[in-house]
Amino acid sequence: MRRIRHITRKELYHILRDARSLAIVLVMPVAMTFLYGYAINLDIENIVMGVIDLDQTQHSRALAGCFYHSTYFSKPQEEMDPTDPERVFREGRASAVLVIRSGFGRALERGNSFSLGLTIDGSDNNIAGAVRGYAGQALNYFLRDRLPPGAKLPGVIIAPQVLYNPDLQSSHFFVPGLVAIVLLMISALLTSVTIAREKETGTLEQLLTAPVKPVEILLGKILPYVFIALFDGVLVLVFAKLVFGVPFVGSHLLLLGFGLVYVATALSIGILISSLVRTQQVAMMYAMMFTMLPSVMLSGFIFAVKNMPSLLQYLSLIIPATYFLTVIRGVMLKGAGLGELVIHGVFLLVLMAIMIGVAAAKFKTRLA
Amino acid sequence: MNFVSVAHLSKSYGDVKAIDDFSFEIDQGEVLALVGPDGAGKTTLMRLVCNLLVPDSGTIRIADLDVAGGFDRLKEMLGYMPQVFSLYLDLSVEENLIFYAGIYGVTGARYRQKRDYLYGFSMLAPFARRRAGDLSGGMKQKLALSCALIHDPQILVLDEPTTGVDPLSRRQFWEILSEFKRQGVTILLTTPYMDEVARADRACFMFGGKKLTEGTPGELTGSFKGELYSLDTLPSTDLIKRLNDIPHLQSRRFGTGLHVNLDADLKIEDVSEALRAAGVDPGHLVPAQAGMEDCFIQLMEQTGD
């Protein structure tokens, strides 16, 4: 512990005295958030939609079947709870819930007007928009199949209700995700050079003959950056709020707690890279490569994980951003609580432990 | 029992034999200098002793502990100073000291006492707040030595500690070493400077990864074979060529002049003739005392044959 403290203090001196990298630490996250803060829209398939059928007629079952028949919608794995349709959103098990109130079958037979309830999880802006469009189309097909050609469509309409992000503002969806990506990249970059630098300048040679264990060096180097990365996270969030007007529904403290775990995990990536390579340049390249691309493409930042081929879905499980994305969107937009998110924190801790463990095992206590 | 005992050590980098069947021993409180030109394998040997490299074969024992297996227990008693300055340039003198003291668990009053004691030798107290990167070469080396000494090591391993250091700082550096030697610290160091060998208790000459010879400074200079003369004038290429044509004579540049060594069956008169032929007064050739460098070069040339 004493040795970790001394290494941490030394690292803090390094950080605070290198004005250029300090500037990068402070300016880069904000600049990146600004640049990436504009949305990209994409088509989406296999949206998980729960159906709560209170009508229980052949027509209501046919309507549900019509939705699931398309490639756009798929069934949730578990049965819906009719008393609390929103629970599936908080738990992230479905993106939309269709409620068919009783009387739908009768109204259809008599040609009366009827209103179907569709609740959409607006925290994922892409999916929410797609659900709204696809649901309307699916309903039109359903009604047309049931009527003689040329007949007037009955007055069945869908009354969509978008939860969490009612205006479907893409920034509300993207900016929290961006916080996850920016934090991951900055954190990994920060620590990726720390050990490589000591290898390059030769300072590691003397340190290796001192009674300090590899894991103490690693932890001592991670620790100061936890606070810097967390500070970056707060900076980006404040920026997100001021520039993009992203709401913050849930607990700030909860997000801070998860943020702490997340940046520590991200810093472990950097330290793992740093313990394996020889030069700062290579370390930075790897840090960018291993964080930027997989996190943007595979974490659910742009493309929903559930739409990916299964191989990539497994891959997404080892990307820290996958977990933090769910957490930050959940906390900021849905007000999700600790109970629903704790499993993501556990996954992050496991990833961190594995990376530090591998780094300590692979850390060369000898030269060449 | 010797404090340090290195036996039949070998280390290759690919096809290059950096260290070739090297053995030496050091008594407690003794200063052993490893002397050789660049590329002789000095740094490799130091790194092997400090467990930073693994030997291909051979053993190293320090204080009755095997370096290969018991290095963790040796760390507390070892102070190492690598050839390349290995302290943190963006940390001040005092911060570097605090860092290394902290790693070794030297804190509080014990640290302050140790620091002031080392400042007394190194004269670095006025520069305590200066960044290590802004120090002169000599001051850097004194700081590095102080960091290696902060935890009262029993053995100091110093890799070319005085290379690139001005003569005054070199003398101060050796005074610090003498003080710690008096306290019983065993010191193993490398140097390319022949004149520093005289300050060590014993020296090993090394070349091409091999040990040429070993002994006290007196033994080493006493082992010189032949009669040495010094030419105290600028030699012409013509003269050098004429001298090289004489059998049983070795000459080499020394300072601005030449050192000429005659084997037993060669007379000085034979050389005078060559000097006159080249237009040099034979009076410029005077008997000289063989120094460490003369011995080293003689040994090196014998090995080359």
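Every chain is numbered on its own, with residues counted from 1 as its sequence reads. All chains are assigned letters beginning at A, and all ligands numbers beginning at 1, according to the order in which they are written. Local features are withheld for residues below a pLDDT of 70 in this predicted model, meaning they are given only at 70 or higher, and side-chain atom pairs are given and counted only at 80 or more; totals for whole chains, interfaces and linings count all residues.

> Mind showing me how you'd approach the interface of chain B and chain A here?
The accessible area lost on association of the parts is a frequent measure of interface size. Remark: residues whose backbone-derived C-beta atoms lie within 7 Å of one another are considered to be in contact. Each partner contributes to the interface: chain B provides 22 residues, whereas chain A provides 19 residues. For the purposes of this entry, the term helix denotes a DSSP run of H or I that reaches at least four residues, the term strand denotes a run of E that reaches at least two, and both are numbered from the N terminus. Residue assignment for the side of chain B that touches chain A shows that the elements contributing at least two residues are strand S6 (78-81) and helix H3 (93-103) of chain B. With 4 residues, the top contributor of residues to the side of chain B that touches chain A is H3 of chain B. Put simply, Ala, Val, Leu, Ile, Met, Phe, Trp, Tyr, Cys and Pro go in the nonpolar bin, Asp, Glu, Lys and Arg in the charged bin, and everything else, Gly too, in the polar bin. Within the side of chain B that touches chain A, the residues separate by chemical class into 14 nonpolar, 3 polar and 5 charged.

> For this particular structure, what's the right way to read the packing of helix H3 (residues 58-69) of chain A against helix H6 (residues 125-145) of chain A?
Axis angle and axis distance: for two packed helices, these are the angle between their axes and the distance between the axes, and together they describe the pair. All names here are of chain A. Between N-to-C directions, angles cover 0 to 180 degrees, with each direction set by a line fitted to C-alpha atoms, over the stretch in contact for helices. Look at H3 against H6: their axes get within 10 Å of each other, and the N-to-C directions meet at 125°. By the angle class used here, H3 and H6 are oblique. H6 is crossed by H3, and the crossing has right-handed handedness. Here H3 contributes Leu63, Cys66 and Phe67 to the contact with H6, which in turn contributes Ala138, Tyr141 and Phe142. Here the contact of H3 with H6 is composed, by residue class, of 6 nonpolar, no polar and no charged. Roughly parallel means an angle under 35 degrees; roughly antiparallel, over 145; roughly perpendicular, 65 to 115; everything else is oblique. Here a crossing is taken to be left-handed if its near helix is turned anticlockwise relative to the far helix by less than a right angle, and right-handed if that turn runs clockwise.

> Explain the pairing of strand S10 (residues 210-215) of chain B here, please?
In regular strands, side chains alternate between the two faces of the sheet. All names here are of chain B. Taken together, the 5 bridges between strand S9 (residues 202-207) and S10 define a ladder with antiparallel strand orientation. By the bridge assignment for S10, Phe205 is matched with Thr213. In this description, strands pair whenever DSSP reports at least two bridges between them. Adjacent in sequence and paired antiparallel, S9 and S10 are bridged by 2 residues, among which Gly208 carries a positive phi angle near 60°.

> What am I meant to see in the domain arrangement of chain A here?
Residue and element names in this part refer to chain A. As used throughout, domain bounds are those supplied by an automatic or database domain assignment. Taken domain by domain, chain A holds domain 1 (2-36 + 170-362) and domain 2 (47-163). A straight line from the C-alpha centre of domain 1 to that of domain 2 covers 40 Å. Here the side of domain 1 that touches domain 2 gets 4 residues from one element, more than from any other, and that element is helix H13 (residues 320-334). The residue inventory of the side of domain 1 that touches domain 2, partitioned by class, reads 4 nonpolar, 3 polar and 4 charged.

> Is there a simple way to think about the nonpolar core in this case?
As a rule of thumb, nonpolar side chains are buried together in soluble globular proteins. Think of a nonpolar core as buried Ala, Val, Leu, Ile, Met, Phe, Trp, Tyr and Cys residues, each tied to the set through C-beta atoms within 7 Å. Backbone-placed C-beta atoms define the burial measure: a residue is buried with 20 or more other C-beta atoms within 10 Å of its own, exposed with 12 or fewer, and partly exposed in between. Counting residues in hydrophobic clusters, the biggest one holds 79 residues, and the most contacted among them are Ala33, Val35, Val49 and Val157 of chain B. Looking at this core element by element, the count peaks at 7 residues for H3 of chain B. Each residue touching Val49 of chain B, except ones within four places of it in the same chain, is listed here: Ile60, Val67, Val157 and Leu188 of chain B. In this structure, Leu190, Ile228, Phe239 and Ile273 of chain A belong to the second largest nonpolar core, which totals 68 residues.

> Mind showing me how you'd approach helix H6 (residues 167-182) of chain B here?
Three- or four-residue spacings in an α-helix give side chains the same orientation, since the helix completes a turn every 3.6 residues. Residue and element names in this part refer to chain B. Multiply 1.5 Å by the residue count of a helix minus one, and that product is the helix's expected span. If you check H6, its first and last C-alpha atoms are 23 Å apart, about what 16 residues at 1.5 Å a residue would give, namely 22 Å. Among the residues making up H6, those that are buried are Ser169, Arg170, Phe173, Leu177 and Phe180. Viewed end-on, H6 has its buried residues packed into an arc of 105°, placing them on one side of the element. In H6, the exposed positions angled more than 90 degrees off the buried face are occupied by Pro167, Leu168, Arg171, Glu175, Ser178 and Arg182. Elements in contact with the buried residues of H6: strand S3 (31-35), helix H5 (137-149), strand S7 (155-158) and strand S8 (186-191). The positive-phi residue at the C-terminal boundary of H6 is Gly184, with phi of around 100°. Our arc is simply the arc of the directions from the helix axis toward the C-beta atoms.

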